[in-house]
Amino acid sequence: MSTSATDTMIEVRLTAIRFAARDTNLYEFRRTDGQTLPSTEPGAHIDIHLPNKINRQYSLVGSGQDPRSYVVGIKRDPASRGGSSYIHEQLRVGTVLKISPPRNNFPLNERAPMSILFAGGIGITPIYCMTQRLGSIGKPWQLYYSSRSRTDAAFLEELSYFETDTVTFNFDEENGGKYLDIAKILSEAPRDAHIYCCGPLPMLRAFEAAAQAANFPAHQVHVEYFTATAEAATEGGYVIELARSKREFLVPPGKRILEVLRDGGFDVTYSCEEGVCGACETTVISGTPDHRDSILTESERVASKTMMICCSGCKSARLVLDL
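Nothing here was measured: the structure is a model prediction, and the numbers come from that model.

*Asks:* Tell me about the sheet that holds strand β10 (residues 194-198), and name the residues and values.
*Replies:* Read from one edge of the open sheet, 5 strands run β9-β8-β7-β10-β11, paired in parallel fashion. At either margin of the open sheet sits one strand with a lone partner, and together these are β9 (167-171) and β11 (221-224). On average, adjacent strands in this sheet sit at an angle of 10° to one another, irrespective of strand direction. Relative to β9, strand β8 (residues 141-147) runs parallel, the two sharing 5 bridges. Considered in β9, the bridge of Ser 146 is made with Asn 170.

*Asks:* Hey, could you go over the pairing of β8 for me, with residue numbers and the actual values?
*Replies:* Taking burial as the measure, the 7 residues of β8 include 6 buried ones, the bulk of the element. Where strand β7 (residues 115-120) meets β8, 6 bridges bridge the pair, whose relative direction is parallel. Bridge pairing in β8 links Phe 118 to Tyr 144. Note that the unit made of β7, helix α2 (residues 124-136) and β8 has a crossover that is right-handed.

*Asks:* Describe in detail the state of the cysteines, supporting the description with residues and values.
*Replies:* Counted according to the given criterion, the structure contains 0 disulfides. Summary of cysteine pairing: Cys 129 is not part of a disulfide, and the nearest cysteine sulfur, belonging to Cys 198, is at 12 Å. Relative accessible area serves as the criterion here: at 1%, Cys 129 is assigned to the buried category. Cys 198 supplies the cysteine sulfur nearest to Cys 197, a cysteine that is in no disulfide, at a spacing of 7.2 Å. Under the relative-accessibility criterion, Cys 197 is labelled buried at 0%.

Definitions and limits used
- Residues numbered from 1 in each chain as written.
- Predicted model: local features only at pLDDT ≥ 70, side-chain atom pairs only at ≥ 80, totals over all residues.
- Heavy atoms only, no water.
- Pairing = 2+ DSSP bridges.
- Helix = DSSP H or I, 4+ residues; strand = E, 2+ residues; numbered from the N terminus.
- Axes fitted to C-alpha atoms, helices over the stretch in contact; angles between N-to-C directions.
- Buried < 20%, exposed > 50% of the residue type's maximum accessible area, 1.4 Å probe, protein only.
- Right-handed = clockwise from strand over helix to strand, strands pointing away.
- Disulfide = S-S within 2.5 Å.

This is how it looks when you write it as structure tokens:
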């Protein structure tokens, strides 16, 4: 059997709520047993398991070894499906809940000669963490931060101390709604720079298109998605074989692999169910996955050594997983 998500959960208490920007707060969590939390690196996120039975993923504002607390930035989404609205309306200092250990699908390459960072809206959270780390190790970086207005920009005061050639702000309401010219920036960027982007979907797609047009090598391009970028594979009609457990499951049309395994009583780790968090990443022994996640790179998809079973499917008649 796989390790259950509940076996790795950490009980924490909400110890502080601080204002960061309009509709955005910083939430600080500490362990209820007083111990330090698992070490983190820039770009890492945690799952927050809310009392309303909803799980959501949020990037950590800081990183380091054996931290006493985790801080996440959460913007209230007007189209919230019960995550950010519940947190803003219901969570109070003193609330006890559970979180996952940190995972990192958006790591910072600290050896890069230059890091160019793009953030849109609440996407500043992991990017801000990266600026702190790069500054602490003396590595050069540039940040381009887009937001609807100054009122909506988190960490505005902290970032305003930097020179304009280090931090560039783009506020929609101050420039007639004109978007940041990512294509121009990347066309003029050093070819050995590592480039990062976190923000709304249109910004991420513009960033990826600009990176491709500027011929940046894939290993130097880093993107983090908040939401699914493809529909989950529900075509079905194939067999899932669990090599270690010696069990087989038929995946019928309309069902996902994760659903079939759960319905069959198999305990598997998962969280977002959209292919954006990485909790359900599973080793593939044989077969041809139909990748629908937002995490794996193109080369990783071609290699198909792993897959996200919450959203991806299978193109072959049989898929053998290391479960």
